[in-house]
Amino acid sequence: QDETSSLPRKLLMFGFAFFILIVLSAYVANLAAFLTRSNSPPASTIEDVIAQQMNICAHPALADDIKLSHPKANFVFNQEGKELYGLVDDYDAGKC
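This text gives an overview of the structure that appears in the document.

### Overview of the pattern of salt bridges
- One pass over the structure, following the stated rule, counts 1 salt bridge.
- K95 is the partner of D90 in a salt bridge, and the nearest nitrogen-oxygen pair spans 3.5 Å.

Written out as structure tokens, the structure is:
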């Protein structure tokens, strides 16, 4: 125990500690709510994507195989020769 602290000082420290506790609890609650928020995609399977007629980014090297396996799908193939970066660029541009 601190013998030199007065009662008002102890009450002030208690109030400050309680304030910090409330702020920290609010922060943790908001963080938990943010991390558990459901960001479910509009489609979870390739069949859902095809049914919703959404565009699908795909590598040009796979064009023949995936067109055979899913002929009704709307595939977007990057023809600029950028390999993987072309897929990312198309996705960022909102093409798929």
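The discussion continues.
### Examining unusual backbone geometry
- Look at Q53: it is not a glycine, yet its phi comes out positive at around 55°.
- Mapped onto the fold, Q53 is located in the loop between α2 (46-51) and β1 (55-58).

### Concerning the state of the cysteines
- With the rule as written, the count across this model stands at 1 disulfide.
- Sulfur-sulfur distance for the disulfide between C57 and C96 comes to 1.3 Å. On the criterion of sequence distance, the pair formed by C57 in strand β1 and C96 in the segment after α4 (84-92) is long-range, its members being 39 residues apart.
- The exposure class of C57 is partly exposed, given its relative accessible area of 24%.

### Side note on the pairing of strand β2 (residues 74-77)
- Pairing geometry for β1 and β2, over 4 bridges, is parallel. Its bridge partner being in β2, N55 is matched across the sheet by N74.
- Crossover connection from β1 via helix α3 (residues 63-69) to parallel β2: handedness right-handed.

### Some remarks on a nonpolar patch on the surface
- Judged by side-chain polarity, L24, Y27, V28, L31, F34 and L35 come together as a nonpolar surface patch covering roughly 630 Å² of accessible area.
- Among the structural elements, F34 can be located in helix α1 (residues 7-35).

Analysis parameters
- Residues numbered from 1 in each chain as written.
- Predicted model: local features only at pLDDT ≥ 70, side-chain atom pairs only at ≥ 80, totals over all residues.
- Heavy atoms only, no water.
- Salt bridge = Lys/Arg side-chain N within 4 Å of Asp/Glu carboxyl O.
- Helix = DSSP H or I, 4+ residues; strand = E, 2+ residues; numbered from the N terminus.
- Disulfide = S-S within 2.5 Å.
- Buried < 20%, exposed > 50% of the residue type's maximum accessible area, 1.4 Å probe, protein only.
- Pairing = 2+ DSSP bridges.
- Right-handed = clockwise from strand over helix to strand, strands pointing away.
- Patch = residues over 30% accessible without salt bridge, like charges linked within 9 Å, V, L, I, M, F, W, Y side chains within 5 Å.
- Areas by Shrake-Rupley, 256 points an atom, 1.4 Å probe, with all protein chains shown as cover.

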